[in-house]
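# Architecture and fold: a report
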Amino acid sequence: MIYLRRIVQLLFLALFLFLMLYPEPAKNVIPANLFFISNPLLVITTIIASRTLQLAFLASGLIIIASIFLGRVFCGWACPLGTTMDLFHRLKKPRKPDIQPILPPLRRVKYFVLLTIIIAAIFGANIAGWLDPITIAFKSFALSLYPAVDYILKGLFNKVGLKSFISPLNDIGILDTHSILFHNSIIFFLILTVILLLTFYQTRFWCRNLCPLGALLTLLSKWRILNLSTGRHLCTKCQRCQSSCKTGVFNSDFSLNDEECIQCFSCVKECSKTGISIGFSKDKSVRISILPSRRGLLVASGLAVLSAPLLKRSFGLRLGQSLPRLRPPGVSRSEGEFLSKCQRCGECMKACPTNGLQPLLAESGLYAMFSPVLVPRIGNCRYYCNACGQVCPSHAIPDMDLADKQEWKIGRAYFDTTRCIPYVNKEHCLTCEEFCPVPEKAIEHYVKDGLEYPYVVKERCIGCGLCEKVCPVQGLAAIRVSPPKDAEL
């Protein structure tokens, strides 16, 4: 069974990476956001925070039902972050059975994390995406590792004179002919690195102690029918079960914390007497629950109640250079409503063909952290594209028809006449007008003293940012896009 589990793990990881790399071809067969719409933690917190229900969220019912009857099988068999930890941990080869410390207070942390996330959602703050394992895995792979691999391979091909190979690899989604860059991508790399390095201390440290999704699935599996049986009359206390268990189910006195079991079957394989089994019967082994005490839950609830409003008030707390909040097309004009739906998953950023959608860190307040914002100087919102809305799992970015999307005002361009070439240098330049994708042109020009001066036609501008992207002025562009004011909508 353990080999079947490993095969299934690799298949789910391959599916996760396939949907990440090929969202467009996959959507006709499997939803590109499958791992997000079937994630109970993201679905529940989005419903609570936004007070809305999406039909696609019903997909999460499969994992909820599986957890109620079978326990944390998703963690052991399907979670891409869990599989990544398992693969990384195989680099460690202990010379002797590695009995890892079991620290109940530390293991209860994940329940407090879950409680904080739920209470924050009740107050309208959707922060599950910060700590959810699927969003961590996606952002680490798509926004950090993929751009790094893309950069290294393109540099290598250029170095050895194989530049012509880049375009064919771009056609099959392996490389990108354009540069891929994401703000703060080092943050996602560091988060993944820390999670992986902690596996040297405890296998699946994240799953044992911190994962809020794991905590939720553990609670759902409280009355599961698939149980661990130890066959104590056969036990020789060889401790192989303790050393092989990924989540520390076996205590030093061989009592069980089997609500933490992820059905990995490692203990079944390692037991020298085959006295351990996983089945639908329950033996008389001593079982110890490590759920938090009532007092601990009350204290955590109080702290969460206090922290949630403070978090939302952090709109005004900005760390780093402030960026204009140019949100993707179609999102609510209310920043609070948009953030209550946004799962900070990174799907829209990976799907954006121009690399223009970037993750915020704390430039617009802590609560907006990891949400998408359009940075036109990096990439514009393509006129004939609505990919971000098609992959958004929570419809924080609506799946708009292309015609409606093309009329949506993301922002409005304005000229900085202290930098614009015709205004400053008295030289010809109408690059912005030439590239403007709006059919009737949102940028026109007037002639004065034989020189053409561009200006923005406010009523036509949709704020796609292509003019800012192509502006030839070095550094800060001479034409920039700012969020629209209510009077301009």
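Structure first, text after, so check above.
Below: a short report on this structure.

### Considering the overall build of the protein chain
Within the protein chain, the regular secondary structure consists of 25 helices and eight strands. A burial count over the protein chain gives 53% of its 489 residues as buried. When contacts within the protein chain are restricted to residue pairs at least 6 apart in sequence, long-range pairs at least 24 apart make up 75% of them. Carbon and sulfur atoms make up 64% of the accessible area of the protein chain, which totals about 22900 Å².

### Remarks on helix α1 (residues 2-21)
Taking 1.5 Å of rise per residue, the 20 residues of α1 would be expected to cover 28 Å, and the 29 Å separating its terminal C-alpha atoms lies within 8% of that figure. For α1, every residue scored as buried is listed here: I2, R5, V8, Q9, L13, F16, L19 and M20. Angularly, the buried residues of α1 cover 135° about the axis, an arc narrow enough to put them on a single face. Exposed side of α1, more than 90 degrees from the buried face: Y3, I7 and L11 are the residues found there.

### Notes on the packing of helix α4 (residues 40-50) against helix α9 (residues 109-122)
Across the interface, α4 lies against α9 with an axial gap of 7 Å and an inter-helix angle of 30°. Judged on the interaxial angle alone, α9 and α4 are roughly parallel. Between α4 and α9 lies a crossing of right-handed hand. Across the interface between the two elements, L41, I44, T45, I48 and A49 of α4 pack against L114, I117, I118, A121 and I122 of α9. Here the residues of the contact of α4 with α9 sort into nine nonpolar, one polar and no charged.

### Some remarks on the state of the cysteines
Going through the model one piece at a time under the given rule, you end up with zero disulfides. C245 takes part in no disulfide bond, and the closest cysteine sulfur to it belongs to C264, at a distance of 6.0 Å. Among the cysteines around C436, which has no disulfide bond, C464 carries the closest sulfur, lying 6.3 Å off.

### Re the nonpolar core
Counting 95 residues, the largest nonpolar core has F74, L81 and I479 as its most contacted members. Ranked by residues supplied to this core, first place goes to helix α11 (residues 133-159) with eight residues. Apart from residues lying up to four places away in sequence, F74 is in contact with I63, C79, I134, L213 and L217.

### Side note on a nonpolar patch on the surface
Together, I65, I68, F69, I225 and F280 give the surface a local cluster of nonpolar side chains, amounting to about 490 Å² of exposed area. If you trace the backbone, I225 turns up in the loop between α15 (212-220) and β1 (227-229). Looking at I225, the relative accessible area reads 39%, which means it is partly exposed.

### A look at α11
Residues that lie three or four places apart on an α-helix share one face, since the helix turns once every 3.6 residues. Relative to the 39 Å expected for 27 residues at 1.5 Å per residue, α11 spans 37 Å between its end C-alpha atoms, a close match to the ideal helical length. At L145, α11 shows its strongest bend, of approximately 35°, with the proline P147 following within four residues. At the N-terminal boundary of α11, the capping side chain belongs to D132, with an oxygen 2.9 Å from the backbone nitrogen of I134. Remark: G161 follows α11 within two positions and exhibits a positive phi of approximately 75°.

### Notes on the packing of α4 against α15
Geometry of a packed helix pair, given as the angle between the helix axes and the separation of the axes. In contact at an axis separation of 9 Å, α4 and α15 are set at 90° when each is read in the N-to-C sense. One way to sum up the angle between α4 and α15 is to call them roughly perpendicular. The residues of α15 that touch α4, namely those facing P40, L41 and I44, are P212, L213, L216 and L217. Grouping the amino acids of the contact of α4 with α15 by side-chain chemistry returns seven nonpolar, no polar and no charged.

Analysis parameters
Residues numbered from 1 in each chain as written. Predicted model: local features only at pLDDT ≥ 70, side-chain atom pairs only at ≥ 80, totals over all residues. Heavy atoms only, no water. Helix = DSSP H or I, 4+ residues; strand = E, 2+ residues; numbered from the N terminus. Buried < 20%, exposed > 50% of the residue type's maximum accessible area, 1.4 Å probe, protein only. Contact = heavy atoms within 4.5 Å. Areas by Shrake-Rupley, 256 points an atom, 1.4 Å probe, with all protein chains shown as cover. Expected span 1.5 Å × (residues − 1). Arc of directions from axis to C-beta. Axes fitted to C-alpha atoms, helices over the stretch in contact; angles between N-to-C directions. Parallel < 35°, antiparallel > 145°, perpendicular 65-115°, else oblique. Left-handed = near helix turned anticlockwise from the far one by under 90°. Nonpolar A, V, L, I, M, F, W, Y, C, P; charged D, E, K, R; others polar. Disulfide = S-S within 2.5 Å. Core = buried A, V, L, I, M, F, W, Y, C linked by side-chain atoms within 4.5 Å. Patch = residues over 30% accessible without salt bridge, like charges linked within 9 Å, V, L, I, M, F, W, Y side chains within 5 Å. Salt bridge = Lys/Arg side-chain N within 4 Å of Asp/Glu carboxyl O. Bend = angle between axes of the 7 residues up to and from the residue. Polar contact = N/O pair within 3.5 Å; in protein donor to acceptor, adjacent residues only side chain to side chain.

So, to be careful, I would describe these as geometric facts and stop short of saying anything about function.
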